[in-house]
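Per-entry structural report
Single-letter residue listing:
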Amino acid sequence: MPDQSSKTSALDGVRIIDLTWLQVGPQATRLLASFGAEVIRIEWRKRAAVDFLRYMEPFAPDHATPDGGRSQGAARGRGVRGDFDRGAYYNNTNPGKYGVTLNLNHPKGRELLKRMVRDANAICENFSPGQMEKWGLGHDELSKVNPRIIYLRTTGFGKAGTYNNYVSYGPTAQAFSGLTFLSGLPAPHPPAGWGYSYLDHSPGYFGAILLMTALHRQRQTGLGAYIDMTQTETGLMLTGTSLLEHQITGQPTARYGNRMPYLDWAPHGAYRCLGDDNWIAISVQSDEQWHSLVDEIGSPVWATDSRYATAAARKADQDELDRNLTAFTATQERYALMDRLQSRGIPAGVVQKSSDRFDRDPQLKERGYFVDLPHSTIGTWPVEGFPAKLSASPADVGGRTGRAAPKLGEDNDFVYRDIFGLTSDELAQLREEDVI
Amino acid sequence: METNLRDALSGLTVLEIGDQSGDYTALLLAGLGADVIKIEPSDGSPSRQIGPYASGQPDPEQSLFFWRYNLNKRSLALDLDSPSATPVLDRLAAKADIVLLSGEFSTVDRGLARVRQLAAANPRLIVCTLTPFGLTGPHRHLKMTDLTQMAMGGIMAVCGYDPAADGKWDTPPIAPAMWHSYHIAGEYASVAILAAINFRDLTGTGQFIDVSIHEAVNTCTEIAIPTYIYNGLVVKRQTARHAAIDVTLFRLSVSQDGADVLAIVSPFEREEIAFKQLADQSGIPHILGTPEYAQLEKDDRRAALTYRNDLIEQVVASMPADEVFHRAQPLGLAWSPIRRPEENLANEHFAARGSFTTINHPEIGRDLSYPQTVATNGRQPHMRYARRAPHLGEHTAEILTSLGLDSSMLAAPSER
């Protein structure tokens, strides 16, 4: 008989009502779905209400069909106006979830939502602050329907506090919290910031952390929770030692590019290699590693100069050190160089582009990081996996649906009839009245 | 009705063993009430060797890195290879819920042999390893730092500056500073540990978790991977905005008082209307909302966008950064000055939310503010940090006593 525990998922029996959209909320519920929670994603089909990611680039190629997918080849999709089921990023962000439509501007829609909340463990949303209260669906109302409910809201600044009507995308919160400033070359270069919404990712991970903490407590004590979670506070948590350093020294925070001011590590940076915009990151942590590096690059005269003998000396003029090292790396193939440096025990890693990570990275392949999942319109595509292996309750990004993202309203019948017990007649009526 | 998660993990004991890559994971669990016992070698955890230092000089008791990432924890000085460690570790693990092992593969792999025995004796134990690449795979032995993880994991390639006029990059890709590979991996490790806690609630059994920092960083690059998988295209890094297939039209705006300001109007009608209102408030003459602008949009979309971006720059330049922020935000524009982290310390909004905690440091005879939470329940923060990072071995005696052991058993013979 197979081990019974191997069939149990960590979040068996957990139902999440998911009103989230864009990235920050769906990231949290994606993780819950990976551990077996039944995540019911609620959307509305009007263009002004539908998740922006459903009609934002990148799109699946226009030639992708339900029984095909990646096997049909990659190409830049144009998207089809009015078709909300071809968004590639949406597909990557929402695997393992059920998808239903529900009109919360309709009183019957709000009633149906309350009915669902009554039989759920948690509800998640990331509307602008106050939207749920306008609908009469704020935490106070919903906890009357279900006193055990866990309510997670994620916004830029939060519902509580003096900026409680302020709004934010990831980059807004990054700018406000200090994360944008911290990234980049020293002034007079401007901040480089982040080439994506980091604060749409991390608050999603924190959303999962707090939801799972609350679910653990809910199981043990029956208590619910109200979580007013913010992207900007998440940003503060990620500012490292900068706040402490400022308090101690009174000096304004400075940027230091790719260098490492807090350890005797030099050289430390990204160095150009052969090819088009190819780079390798090298971190020399000790004099021993430095001498190995000097050997590897053929002991050129500049490198054996006594002024590079110690870390402190190497750090004294890193501009020149970097120029000299670049003269060598620029003649080298990046992966071969990484292998040679690593074989000498020197931390080195290719600055991998998305193409390198997907096509080439042998580690991601060996660990089965990318997971093929089907979508009912665009076919089967790889989605990003969960970065840890659990021996007894492994993450499965396909979740309970075994599918990538849902089509808009794909699971209306299953969710409303089979889970919540509405009759076919009731469903037809709700459809007629533009409620679902 | 209790809606706050303070101390929701207070029944859990975490044994933390390892290097700087694991500090943040245990910090998060400690912020939710778990009792984290940091087991340090007698010469101190490696993270005590990371600056900056409060004293300005390397000193294991003055490391701001250690202070930041070890709040609420207790320190047990224990050399795991010494014979006297065995009874301590056995008794600790018998009562513990989670063992966190972080560091290079070879070190963690060696430690794991020991921990497997502990887990056999305590089947409820959850064992989480956190290593650069995970415990399997061809790269598992590679030597890594935060910088090389950010490189291999793909974040660096999408962060940096615009190409030069010839379309080639003359500046390197940038790894955003402050240990983000450990942040991302630590958040995922916490997710995985909490999944295992929920699983144990259902089944009564613990398990092994193998976290890969490399994979964690890889999950965190937004559209970079989908754009390649579906479109076969590589997004390109550009100054202070999203990496994209093409180099996009956008500049940083500068306020009247010289601050960089993130000021973007997204392609939503509500934002277009809001920006017109802001432009009206600024008193700068403009043609937004007129038939003339509608015609420009129709004839030459890029020219219309350029006109609007120029107007954004003028509006931002007409006011101090703080005024831009407090005028734009109530209109629904998600704008913000690009602020230094320390500008948050005295911010009224964060003060109202309890986002910071004040902790006394006898080492320097003063208080320091630390960020402590990502969320509140409307009244109180969910995460709470009340205790400064421990001194090396500060809690050794109390922990040994609580285990029923002689509190001086680990002291050097001369100190007994």
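Remember, it's a predicted structure, so these values are computed and weren't measured experimentally.

1. A short note on the overall build of chain B
Helix and strand content of chain B: 14 helices and 14 strands. Oriented by its inertia axes, the alpha-carbon framework of chain B measures out at about 85 × 50 × 50 Å. Evaluated residue by residue, chain B yields a buried proportion of 54% over its 416 residues. Sequence separation of 24 or more characterises 65% of the internal contacts of chain B that already satisfy a separation of 6 or more.

2. A look at the overall build of chain A
Broken down by element type, chain A carries 19 helices and 12 strands. Counting only C-alpha atoms, chain A reaches 85 × 55 × 50 Å along its principal axes. Looking at chain A residue by residue over its 436 residues, the buried ones come to 57%. Within chain A, contacts between residues at least 6 apart in sequence are counted, and of these 72% link residues at least 24 apart.

3. Some thoughts on the domain arrangement of chain A
As far as domains go, chain A holds domain 1 (4-237 + 366-432) and domain 2 (268-353). Domain 1 of chain A and domain 2 of chain A are separated by 43 Å when their C-alpha centres are compared.

4. Here's the deal with the interface of chain B and chain A
With 129 residues of chain B in contact, the opposing surface of chain A contributes 136 residues. Tallying contributions element by element places helix H6 (residues 180-203) of chain B first for the side of chain B that touches chain A, with 17 residues. Among the residues making up the side of chain B that touches chain A, the classes are represented as 74 nonpolar, 40 polar and 15 charged. One ladder, built from 3 bridges, connects strand E12 (residues 388-390) of chain A with strand E6 (residues 208-212) of chain B; its direction is antiparallel.

5. Description of the nonpolar core
Residues Leu32(A), Leu211(A), Ile280(A), Cys128(B), Met156(B), Ala192(B) and Ile209(B) are the most contacted members of the largest nonpolar core, which totals 243 residues. At 13 residues, the largest contribution of residues to this core is made by H6(B). With near-sequence residues (within four places) excluded, Leu32(A) lies in contact with Leu11(A), Ile16(A), Ala37(A), Val39(A), Ala208(A) and Leu211(A).

6. Examining the domain arrangement of chain B
Along its sequence, chain B is carved into domain 1 (13-221 + 352-415) and domain 2 (253-337). Placing a centre on the C-alpha atoms of domain 1 of chain B and another on those of domain 2 of chain B gives a separation of 44 Å.

7. So, the sheet that holds strand E11 (residues 336-337) of chain B
All names here are of chain B. With respect to topology, 3 strands assemble into an open sheet ordered E9-E10-E11, the strand pairing being antiparallel. Since the sheet does not close on itself, it has two edges, and those belong to strand E9 (253-254) and E11, each with one partner. Here 2 bridges tie E9 to strand E10 (residues 260-262), and the two strands are oriented antiparallel to one another. Looking at E10, one finds that Val254 is bridged to Asp260.

8. Overview of the pairing of strand E12 (residues 356-361) of chain B
Residue and element names in this part refer to chain B. Where E12 lies against strand E13 (residues 366-371), 6 bridges are found, and the strand directions are antiparallel. Considered in E13, the bridge of Phe356 is made with Pro371. Between E12 and E13, which pair antiparallel one after the other, the connecting turn spans 4 residues, and Gly365 there sits at a positive phi close to 65°.

9. Points about the pairing of strand E10 (residues 371-375) of chain A
Both E10(A) and strand E11 (residues 379-383) of chain A contribute to a ladder of 5 bridges, which runs antiparallel. Across the sheet, Pro374(A) pairs through a bridge with Thr380(A), a residue of E11(A).

10. Points about unusual backbone geometry
A cis geometry characterises the amide bond from Ala266(A) onward to Pro267(A), with omega recorded as -5°. Within the secondary structure, Pro267(A) sits in the loop between helix H10 (242-249) and strand E7 (268-272). Cis rather than trans, the peptide bond between Gly51(B) and Pro52(B) has omega equal to 0°. In this structure, Pro52(B) sits in the loop between strand E2 (35-40) and helix H2 (64-69). At Ser299(A), a position not held by glycine, the phi torsion is positive, near 45°. Its place among the elements puts Ser299(A) in the loop between helix H11 (287-296) and helix H12 (301-304). Taking the C-beta count within 10 Å as the criterion, Ser299(A) has 11 such neighbours and is therefore assigned exposed. A positive phi angle, close to 70°, is found at Trp179(B), a residue other than glycine.

11. Some thoughts on helix H3 (residues 85-95) of chain B
All names here are of chain B. Looking only at H3, the buried set comprises Val88, Leu89, Leu92 and Ala93. One face of H3 carries all of its buried residues, which in axial projection span an arc of 120°. Of the residues in H3, the exposed ones pointing more than 90 degrees away from the buried face are Thr86, Ala94 and Lys95. On the buried face of H3, the contacting elements are strand E1 (13-17), E2, strand E4 (98-102), helix H4 (105-121) and helix H14 (396-402).

12. Let's talk about the sheet that holds strand E9 (residues 348-350) of chain A
Residues and elements named next belong to chain A. Strand order in this open sheet of 3 strands is E7-E8-E9, and the pairing throughout is antiparallel. A strand with exactly one partner marks an edge of an open sheet, and here the two such strands are E7 and E9. Shown here is a sheet whose adjacent strand axes are inclined to one another by a mean of 20°, direction ignored. Note: strand E8 (residues 279-283) against E9, 3 bridges, orientation antiparallel. Looking at the pairing, Ala281 lines up with Gly349 of E9. Across the sheet, helix H14 (residues 318-329) is in contact with E7 and E8; its angle to E7 comes to roughly 40°.

13. Some thoughts on the confidence of the model for chain B
Parts of the prediction with low pLDDT should not have their coordinates interpreted in detail. For chain B, per-residue confidence averages 96 on the pLDDT scale, and residues scoring 70 or more make up 99% of the total. At the level of chain-chain contacts, confidence expressed as ipTM amounts to 0.98, with global pTM at 0.98.

14. Re the packing of helix H6 (residues 170-177) of chain A against helix H8 (residues 198-221) of chain A
A pair of packed helices can be characterised by two numbers: the angle between their axes and the separation between those axes. Residues and elements named next belong to chain A. As a packed pair, H6 and H8 sit with axes 7 Å apart at the nearest point and diverge in direction by 90°. Regarding the angle of H6 to H8, the classification is roughly perpendicular. Contacts from Gly170, Ala173 and Gln174 in H6 reach Tyr198, Leu199 and Asp200 in H8. Residues of the contact of H6 with H8, tallied by class, amount to 3 nonpolar, 2 polar and 1 charged.

15. Side note on the packing of helix H10 (residues 291-299) of chain B against helix H11 (residues 301-317) of chain B
Residues and elements named next belong to chain B. Running from amino to carboxyl end, H10 crosses H11 at an angle of 130°, the nearest separation of the two axes being 5 Å. When the axis of H10 is compared with that of H11, the two are oblique. Each of Tyr293, Leu296 and Glu297 in H10 lies in contact with H11, whose residues at this interface are Arg301, Ala303, Ala304 and Tyr307.

16. Brief notes about the confidence of the model for chain A
Mean pLDDT for chain A: 96, with 99% of residues reaching 70 or above. Counting contacts from residues 1-5 of chain A, a segment whose pLDDT is below 50, to residues more than four positions away or on other chains yields 3 contacts.

17. Here we look at the environment of Arg417(A)
All names here are of chain A. By secondary structure assignment, the location of Arg417 is in helix H18 (residues 412-419). For Arg417, a count of 14 C-beta atoms within 10 Å translates into the label partly exposed. When the C-alpha positions of Arg417 and Leu427 are compared, they lie 7.8 Å apart, and in sequence the two are 10 residues distant. Setting aside residues up to four positions removed in sequence, Arg417 forms contacts with Leu422, Ser424 and Leu427.

Basis of the calculations
- Residue positions are given per chain, counted from 1 along the sequence in the order it is written.
- Chains and ligands are labelled sequentially in the order written, the chains with letters from A and the ligands with numbers from 1.
- Given that this is a predicted model, residues contribute local features only at a pLDDT of at least 70 and side-chain atom pairs are listed and counted only at 80 or more, while totals for whole chains, interfaces and linings are drawn from all residues.
- Working definition: helices are DSSP H or I runs of at least four residues, strands are E runs of at least two. Numbering for both runs from the N terminus.
- Counting other C-beta atoms within 10 Å of a residue's C-beta gives its exposure: the residue is buried at 20 or more, exposed at 12 or fewer, and partly exposed in between, where C-beta atoms are placed from the backbone.
- Working definition of a contact: two residues with C-beta atoms, positioned from the backbone, lying within 7 Å.
- Start and end positions for the domains come from either an automated domain assignment or a database one.
- Charged residues are taken to be Asp, Glu, Lys and Arg, nonpolar residues to be Ala, Val, Leu, Ile, Met, Phe, Trp, Tyr, Cys and Pro, and polar residues to be all remaining types, Gly included.
- Two strands qualify as a pair provided that DSSP identifies no fewer than 2 bridges between them.
- Any set of buried Ala, Val, Leu, Ile, Met, Phe, Trp, Tyr and Cys residues joined through C-beta atoms within 7 Å is what this text calls a nonpolar core.
- Arc definition: directions from the helix axis to the C-beta atoms.
- Here an angle of 0 to 180 degrees is reported between the N-to-C directions of two axes, which are lines fitted to C-alpha atoms, with helices fitted over the stretch in contact.
- Per-residue confidence from the predictor is reported as pLDDT, a score between 0 and 100.
- Any angle from 65 to 115 degrees is called roughly perpendicular, while one under 35 is roughly parallel, one over 145 is roughly antiparallel, and all others are oblique.

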